[in-house]
Amino acid sequence: WSPKHQHGGPPTALIAHAVETATPEFVIARMTVDFLRPVPIDRLAVRLETLRAGSKVQRLIGALLHGDTVVAHAVLTLVRPTGVAVASPPSAAPLLPPELSRPFRFPFFREPLGYHTAMESRLSLGHFGRGRVAIWMRQRMPLVAGAVTSPVERVLVAADSGSGVSAGIEHASHTAINFDLTVALHRPLQGEWVGLDSISTYEPAGLGLADTRIWDVGGPIGRALQGLVIERRS
């Protein structure tokens with residue numbers, strides 16, 4: 001977002017990276033992260049605490065620290081995967097695939113380099129600034145140098161962009177900043193592309209909500225919600 005502060009996606013994914021490393025036999029089914037302070041572009045640490053160590057379901061707390069200061073706090077639900085023969089209902093109408101979608105770049109980043117250049121984006125549905133919009137996103141570099149980025153990490157790097165994808169406010173006069181992010185997944189991401197089919201709702205009280213259906217090239221894989229604070233620029 002600025003020369004000093006990060007977009008919320010990579011820090012969220014970094015917490016997930018630590019959780020997946022610590023619990024390789026489980027998968028992350030749901031994650032809610034509260035952004036307590038702007039996340040600096042600097043060395044960060046993750047501290048994990050177990051709330052429930054069940055054999056099928058576990059719940060963890062992940063704290064993202066800059067020095068001794070907690071800058072983000074996450075609650076994660078983990079599930080041990082099992083093989084179950086079930087039939088899924090028909091999926092929603094598919095998005096235009098990435099290879100047929102046109103290149104897209106978020107217009108509100110001010111710096112020449114940052115999150116917007118570290119991600120490749122393609123517009124699949126709608127028009128930016130006019131309500132419901134769907135884009136495809138994929139990383140141009142790994143989350144952690146020297147490590148393979150996992151499917152859930154790829155999702156989380158992108159998912160915090162839902163409110164930006166569907167931003168329907170006038171950025172010259174207002175801001176809409178998300179104070180949290182909840183992601184729930186019902187299957188792993190296939191491939192590198194993450195689809196965000198998003199719509200944001202704004203209310204006169206200064207609150208808003210961004211609702212995002214998450215896709216891969218095979219169909220829907222989960223949902224993301226972001227609470228928003230709407231303010232007029234001073």
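Residues numbered from 1 in each chain as written. Predicted model: local features only at pLDDT ≥ 70, side-chain atom pairs only at ≥ 80, totals over all residues. Heavy atoms only, no water.

J.: What's the story with the overall build of the chain in this structure? I'm lost.
T.: For the chain, the helix and strand inventory stands at four helices and 12 strands. Projecting the C-alpha coordinates of the chain onto the three principal axes gives extents of approximately 50 × 45 × 40 Å. Out of the 234 residues in the chain, the part that is buried amounts to 43%. For the chain, long-range pairs separated by at least 24 residues make up 63% of all intrachain contacts whose partners lie at least 6 apart in sequence. Counting only carbon and sulfur atoms, one obtains 56% of the accessible surface of the chain, whose full area is about 12,400 Å². Put simply, the chain has 23 plus and 19 minus side-chain charges, and the middle of one group is 2 Å from the middle of the other. (Helix = DSSP H or I, 4+ residues; strand = E, 2+ residues; numbered from the N terminus. Buried < 20%, exposed > 50% of the residue type's maximum accessible area, 1.4 Å probe, protein only. Contact = heavy atoms within 4.5 Å. Areas by Shrake-Rupley, 256 points an atom, 1.4 Å probe, with all protein chains shown as cover. Lys, Arg positive; Asp, Glu negative; His and termini not counted. Charge placed at Lys NZ, Arg CZ, Asp CG, Glu CD.)

J.: Hey, could you run me through the environment of Ser150 in this one?
T.: For Ser150, the location among the structural elements is in the loop between strand 7 (133–139) and helix 3 (151–159). Classification of Ser150 as buried rests on a relative accessible area of 13%. Along the backbone, Ser150 and Ser163 are 13 residues apart, and their C-alpha atoms lie at a distance of 23 Å.

J.: Quick question: what am I supposed to make of the pattern of salt bridges here?
T.: For side chains bearing opposite charge, pairing can occur when the charged atoms are close. Scanning all chains against the criterion turns up six salt bridges. Between Arg132 and Asp197 there is a salt bridge, and its shortest N-O distance comes to 2.7 Å. Of this pair, Arg132 sits in the loop between strand 6 (119–125) and strand 7 while Asp197 sits in strand 10 (residues 194–202), and the two are 65 residues apart along the sequence. Classification of Arg132 by relative accessible area gives partly exposed; the value is 46%. (Salt bridge = Lys/Arg side-chain N within 4 Å of Asp/Glu carboxyl O.)

J.: What exactly am I supposed to notice about the packing of aromatic side chains here?
T.: Aromatic ring pairs: the centre-centre distance and the angle between the two ring planes describe each pair. Within this structure, the stated rule accounts for two aromatic pairs. Here the aromatic rings of Phe104 and Phe106 are separated by 5.2 Å at their centres, their planes lie at 80°, and the arrangement is edge-to-face. The buried category is assigned to Phe106, whose relative accessible area is 7%. Relative to Phe128, the ring of Phe104 has its centre 5.7 Å away and its plane inclined at 45°; by these criteria the two rings are tilted. Of this pair, Phe104 sits in the loop between strand 5 (102–103) and helix 2 (115–118) while Phe128 sits in the loop between strand 6 and strand 7; the two residues are 24 residues apart in sequence, bridging distant segments of the chain. Ring-pair connections join several aromatic residues into one group, and the members of that group are Phe104, Phe106 and Phe128. (Phe/Tyr/Trp six-rings, centres within 6.5 Å; stacked < 30°, edge-to-face > 60°.)

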